[in-house]
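# Structure assessment
Given next are the chains, with one letter for each unit.
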Amino acid sequence: MEDGTQQLGHCMVDMRELSANPEGLTAAGVMLTPQLSQMELSLACTDLLPPGRDRKPNALVQVSVIDPHKQLLVSHACTEIVDANKDPLFLTGVTFPSEYPASPETLVKLTVYDAKDKSQESSSFLGSATFSVGDLLRSKDERLTLSLRSSDGVCAAGTVVVSRLKMGEMEEVDLDHITTELPSHKCPLVCESASHSCIDSNPLTGPVFKNPICKVYRFQTVESKWMLVREQMEECTLSFSIPKQLLSLYIQEDMSRVRHLRELGELSPHWDNLRKEVMTRYGGIIGSYQETLAELDKITGRSFKPSCCKAQKSLEFIPINLHTQRMRVTCPRKTDAFYDIVTVGAPAAHFQGFKCGGLQRLLSRYESEKKSFSTAYQCIYYSPEHTAKAQEVLSTVSLLQPLISILADQLLQAAQEHSSSGLREALKNLSDKTEQFVHTLKDELVNSALLALHAARPGYVSKNQKQTPVQGGQHQGHIHQGSDQNQSPVQGLPGHSPATSITDSPAGCNNVEASQTTTRGEGGTLKHQDSIPHHKEYDEEEWDRVWANVAKCLNCVIAMVDKLQEEDGSRQEPVPEQQLADVITSHHPGEWREQLRPHVTRLKECVIEVVEKAKRAMTFVLLQEAACSIPQGFLLQQRRDVVFSQALAALACGFVMRLYAGMQDQGFLKQLHLVGLVAQFESLLSTYSEEIGMLEDMEVGVSDLQRVLFQITEAKTDDLSDLQPLVCGRRDHFFVEVPLPRLVFQTLPEEIRGGQPLRVFPVLFNVGINEQQTIAERFGDISLQERINQRNFEMLEAYYKSLSEKVPLECLPCYQTQTDIKELLDTLGQNVVTKKRKNVEILWIAGTICRRLNGIRLTSCKSAKDRTSMSVTLEQCALLRDEHQLSKDFFIRALDCMRREGCRIENVQKNIRCRKYAFNMLQLMAFPKCYRPPEGTYGKVDS
C-alpha cells in the first residue's frame, strides 16, 4: 500500500505514525494505536422447523454478502453443523475484517440448512433472512432477531438471532487496553461502534505478513462462562524474499570461487584440467541459479507456494505453503493471550526426488566414497572439517584484510591530528583485528596446502627426485611424502616450524623489510607466481616466516606509538635529546604521521602478502575437494542449497513473528541476547517410502540453521521497503538482519542495539502418524526417527541448562500449568527412549517446552496442509483446555469447529481449491484418534 500504510488483517498499520507515537507500545508487543474496527457476529437459531417432523434438524448457516452496487451474492462464511437441535447456538462466528469493503448499505443474507450428512453435500433448505449492516448497528444492543422465510417466502421456518460480538458479553472485561477509536474514510457507523468490538491488537508485522484470513469462535469455560477465540492466518513475504537473497549470495560465492581458481596461477596439466572441469561445474550451477532467480523476479504479488507446486523447478527454493497462525483468546476478567505457530511443508528437494534417499543418507554415502575418489583423481583427501576450515579461512581473511587496512589508515589519521587518546583507541582496534587475523592463519592446514600447491606446479621436483624430471601427473604421488594416500594432510607432513621469535623491540622491523624483498617485484607490488618457488625444493619454513612477519610488524607499530607518546609526555619539561631506537633511525623527529607511516605501510604489505598465500592455499584445498567429488558433490551442494533456503525462510518468518510479539517483554529480550532462542520444528513425516527421504533432507536443513545468526538493526527510513529482513554472508555462515523503525529500535536493550549477534538453536522432533508409519513400525525401520528425537532431545536439554545458568527463570512466561520445565524435560527424555508406536506425546511435550522457553514453534508435514492442520488445531484446543479452562464438553466441538470452518480448511482451499483434507477412511483408521478430522471434511483429492 502507499503512504507507509500496510494491511494487517484486523487493523491497518501506519509505520510512520507508530514511529511518531512510541507510546503505542504495550506489554503484548508493538501494539498499534489507533486502530480501525472490524465486525464480528455470533449466530443462533430458535424454533427451527425441519422438513420432516420425525427428527430435529442438523442446522448450519451459510453467510453471504450482497453488494448493493454490483448486485452480486458472494459466499462469505459458514458455521459448523449443530446436530439434532431446533434451537442451535453456533460456536463459529462470522468475521468482517477491517479491510472488508462493508458499508451501512451492505446486505448480509443468512441461509439456514438442514445437513443430512456431515459433508454438507446433501442438505435441505430451511429458510433465509436478510439484513443490512446499518440495521444491525442501529439496533438496540446491536442485536437483530429475524424471521426465517421458507422457499415460498411466506411460511416462517423459525428465527435467527444475529448479535455483534461485544466485550460486554465477556463480563466486564476492561476495554481500555484493547481498542481506540479512529476516524476513517469507511462507514461512520462502523467506526462509531469500534469501541464495542474486541479488536485483535496485532504486533508490528506490516512489512512481513499479508493476506490475512480471520475466524472467530465462542467457547464455554468450566465455569459456564464464554471465551472468545480468534484465529488469524497470514502469508509471509519472506517466502520469496529470503530465497531470492540466498540465490544472489550463492551466485556471488560461486563466482568468487571461480575467480580464486583462475588466480591460482600456472598448474601442471593434470591439475589444470581438473581446475577447468571444476570451473565448468561451477559455471553450470551459476547459470542455473541465475535462471531460477530471473524466473522468481518475474513473480509478483504471490507470498506463498501452494502444495501443488512443490515439485516445480523454478520454485524449488521457495518453502511450501509457509503461513503464520495466531490464536488470540479473550476470557472473562483475564488479560488476552495469544499463541503463535509457523506452518510450512517439510524443507526438502521435491524436484530432485527421493529415489536415492535424502541429504542425510546421501552425504553419509558421499563422505565414505570420497576417499576412493581422491585416489582416482590423485588428490589429497580432505575431511569435511578441513574443507570447512578452508572456507572459514577464506571468509575471515577476506573480511579482515580490508578492515585492517581501514584501521591502519585511522591510526595514521589520529597521528596526523596528534591525538593521544585517538591514537590509543585506533591502535587497540588495529591490534585486536590483526591478532584475530594472525590467529585465524595459525593452522597447519595452510602450510600443508601450500606444500601441496607447490607440488602441483609445472616442473615440481621432490626431495627424492631433485634430478629426475616429472612428467604429466606422476608427481602427485609425492604430495604425501610417502604417506598413505588417504592420510589427512595435517599428518605425514613436516611439522609446523616454530615461528621466529617476535621481539618487542622495534629493531626487528628492519629484518621484516629485508625478508619481503625476496617476494616482491618491481615497484613493490606482489606477483601471483613469485610467492611460491617453482623448479626448486619447497622451503617449508617460508610460510612460518611470512606469517610471523605480520605479528612483528604490528609490534613495530606498537613500539613506535609508545615512543611517540613518550616524546609527547617529555615535552612538558626540557630533557636531553634521547637516542632513538634502531627502528626509527631513518626518521628525523617531526610529525607523528610521517614517523608511523613506514611501519603501517609495512604492516599492510605483510597482511596482503599473507592473504595472497593463504587464499591460494585454501583455494587449492577446495579445488581438490571439488575435483574428487565430481559430479556428486556439486549435485549434493545444490540439493543442500535448496533445502536450506526453505528452512531459513521458515525460521526467519518465525523469528520476526516472535520478536515483534515480545518487543516489550524485557525478560524475553534479555533471554534473546544472553542465550538466544530455541526454534522447535515439529515433523509428522513417516519413515517409509519417499517421506523418509524428505525427513533426511529436513534433518540436514534444520541442522544447517545453526550456521545462522540474527541481528537487529535500525532501519534507514520507516518506509516498508526498508523494514524487510536482509540476508548476508556465505554458505558456511549467514546473518539475517531484521530492521526496525528508529523509535521502536531505541526501546531495545543496549546489547541488541549495539549489534550483538543473536543465536537460534534449532531442534527437530518427528513422529509419523499416517498409515505409512504403521507399515514402517511393523515391517520397516524407524531408527532414523529414533536417532533424530534422541539427538535433538540432548540439544534441547543443553539449551535449557545454558538458559537456566544465564537467565533468571522469572524471565520465562507464566502458564496455568505449573509443571516444572525440568520435569517436562525428564518426561520427554523418557518418551524418546520408550518403544511405543506413534508416540505423539513426544510432539506434545516438546511443543509445551518450546512455548515455556519463549521459543519459536514450527509444524510441518509433507505439504503443511492436512496432517499439519490436524496438529495445529489439536494444539490450539489443548491450550484452551489447559490454559483457559475450556469445558471438556466443548473440547471436541471446538476441535471440530476449527477443523471444519477454521483457518486450516481455508489453507486447504488456498492450496488445492477444494475444501477437503486429503485423507481417506482407510488412512484415518491408522491415525491416532485426536488427529482425525470431522466427518465430511475429507476425501480423495489431489494434494
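Everything here concerns the structure above.
Read on for a plain summary of the structure. Here the structure is a predicted model, which is why all the values come from computation and not from measurement.

### Here's the deal with the layout of surface pockets
Taken as a whole, the largest pocket holds about 1,500 Å³ of empty space. Considering the residues around the largest pocket, the lining is formed by 50 residues, among which Glu253, Arg257, Gln391, Arg731 and Asp732 are closest to the centre. Going through the elements one at a time, α4 (238–262), α6 (359–376), α7 (384–416), α8 (420–440), α12 (592–627), α13 (632–661), β17 (726–730) and β18 (733–740) are the ones with two or more residues in the lining of the largest pocket. Of the residues forming the lining of the largest pocket, the biggest block, 12 residues, is contributed by α7.

### Here we look at the sheet that holds strand β13 (residues 323–330)
The strand order β11-β12-β13-β14-β20-β15-β19-β16-β18-β17 describes an open sheet built from 10 strands, whose pairing is mixed. A single partner strand is all that each edge strand has here, and the edge strands are β11 (209–220) and β17. The mean angle between the axes of side-by-side strands here comes to 25°, regardless of whether they run parallel or antiparallel. Looking at chain direction, β17 and β18 are connected through 5 bridges and run antiparallel. By the bridge assignment for β18, Arg730 is matched with His733. Contacts between helix α19 (residues 783–806) and the sheet are confined to β15 (677–683) and β19 (758–766), with β19 contributing the most and set at about 145° to the helix.

### Quick look at the packing of aromatic side chains
How two aromatic rings sit relative to each other is given by the distance of their centres and the angle of their planes. Scanning all chains against the criterion turns up 13 aromatic pairs. Ring centres of Trp226 and Phe890 lie 6.0 Å apart, and the angle between their planes is 85°; on these two criteria the pair is classed as edge-to-face. One end of the pair, Trp226, is in strand β12 (residues 226–236); the other, Phe890, is in helix α23 (residues 888–901), with 664 residues separating them in the sequence. In this structure Phe890 comes out as buried when scored by relative accessible area, which is 11%. An aromatic cluster of three or more residues is present, and its members are Tyr250, Tyr289, Phe317, Phe644 and Phe734. Over the ring of Phe338 we find Arg326, and its NZ or CZ is 4.1 Å from the ring centre.

### Notes on the side chain of Asn907
Structurally, Asn907 can be placed in helix α24 (residues 903–912). Aside from chain neighbours lying at most four places away, what touches Asn907 is Met233, Asn321, His323, Ala864 and Lys865.

### Notes on the environment of Arg900
Structurally, Arg900 can be placed in helix α23. Arg900 sits 34 residues away from Pro934 along the chain, and the two C-alpha atoms are 7.0 Å apart.

### Observations regarding the pairing of strand β9 (residues 143–149)
Side chains of β9 alternate between two faces, with Leu144, Leu146 and Leu148 buried and Arg143, Thr145, Ser147 and Arg149 left unburied. By the bridge criterion, 6 bridges tie β9 to strand β10 (residues 156–164) in an arrangement that is antiparallel. The partner of Leu144 across the bridge, within β10, is Val162.

### Thoughts on the packing of helix α5 (residues 269–298) against α12
In contact at an axis separation of 10 Å, α5 and α12 are set at 75° when each is read in the N-to-C sense. Between α5 and α12, the crossing angle belongs to the class labelled roughly perpendicular. Each of Trp271, Leu274, Arg275 and Val278 in α5 lies in contact with α12, whose residues at this interface are Phe620, Leu623, Gln624, Ala626 and Ala627. For the contact of α5 with α12, the per-class residue count stands at 7 nonpolar, 1 polar and 1 charged.

### Focus on helix α15 (residues 690–704)
Along its 15 residues, α15 runs 22 Å from first to last C-alpha, staying within 8% of the 21 Å computed at 1.5 Å per residue. Taking burial as the measure, the 15 residues of α15 include 13 buried ones, the bulk of the element.

### Thoughts on the side chain of Thr292
Mapped onto the secondary structure, Thr292 falls in helix α5. Among all residues touching Thr292, those that are not within four sequence positions of it are Leu247, Ser314 and Phe317.

### Points about the pattern of salt bridges
Scanning the entire structure with this criterion turns up 41 salt bridges. Among the salt bridges present, the one from Asp87 reaches Lys86, with a minimum N-O distance of 3.4 Å. Here Glu906 makes a salt bridge to Lys215, at a shortest N to O gap of 3.0 Å. Of this pair, Glu906 sits in helix α24 while Lys215 is found in strand β11, placing the two residues 691 residues apart along the sequence. For Lys215, a relative accessible area of 11% gives the class buried. What emerges from the salt-bridge pattern is a single network uniting Glu253, Asp254, Arg257, Asp641 and Arg731.

### A look at the environment of Leu672
Position of Leu672 relative to the elements: it lies in helix α14 (residues 666–674). Residues Leu672 and Pro757, spaced 85 residues apart in sequence, show a C-alpha to C-alpha distance of 9.8 Å. Beyond its immediate sequence surroundings of up to four residues, Leu672 is in contact with Phe655, Leu659, Leu677, Ile752 and Leu758.

Reading the values: rules and limits
Counting restarts for each chain, with residues numbered from 1 along the sequence as it is written. Where totals are concerned, whole chains, interfaces and linings use all residues; where local detail is concerned, this predicted model gives features only for residues with pLDDT of at least 70, and gives and counts side-chain atom pairs only at 80 or more. Side-chain numbers here rest on the full set of heavy atoms in the structure, without hydrogens or water. Buriedness of a pocket was judged along seven lines, with at least five required to meet protein on both sides within 12 Å; pockets are open sets of points on a 1 Å grid over the protein atoms alone, cavities are sets where a 1.4 Å probe fits but cannot get out, and lining residues have an atom within 4 Å of a point. Grid points are joined across faces, edges and corners, and a volume is the space filled by probe spheres set on the points. Helix and strand definitions here come from DSSP, where helices need a minimum of 4 consecutive H or I residues and strands a minimum of 2 consecutive E residues; each element is numbered from the N-terminal end. Each pair of strands is called paired provided DSSP finds at least two bridges between the two strands. Think of each axis as a best-fit line through the C-alpha atoms, taken over the contacting stretch in the case of a helix, with angles from 0 to 180 degrees between the N-to-C directions. The criterion used for residue contact is that any of the two residues' heavy atoms lie within 4.5 Å. We call Phe, Tyr and Trp rings a pair once their centres come within 6.5 Å, taking the six-membered ring for Trp, and we label the pair stacked below 30 degrees between planes, edge-to-face above 60, and tilted otherwise. For each residue, the accessible area found with a 1.4 Å probe, counting protein chains only, is set against the maximum for its type, and the residue is called buried under 20%, exposed over 50%, and partly exposed in between. Each ring is checked for a lysine NZ or an arginine CZ that lies within 6 Å of its centre and within 35 degrees of its normal; such an atom marks a charge sitting over the ring. Should an angle fall under 35 degrees it is called roughly parallel, over 145 degrees roughly antiparallel, and 65 to 115 degrees roughly perpendicular, with every other angle called oblique. Residues are grouped as follows: Ala, Val, Leu, Ile, Met, Phe, Trp, Tyr, Cys and Pro are nonpolar; Asp, Glu, Lys and Arg are charged; every other residue, Gly included, is polar. Expected helix span is computed as 1.5 Å times (number of residues minus one). The term salt bridge refers to a side-chain nitrogen of Lys or Arg lying within 4 Å of a carboxyl oxygen of Asp or Glu.

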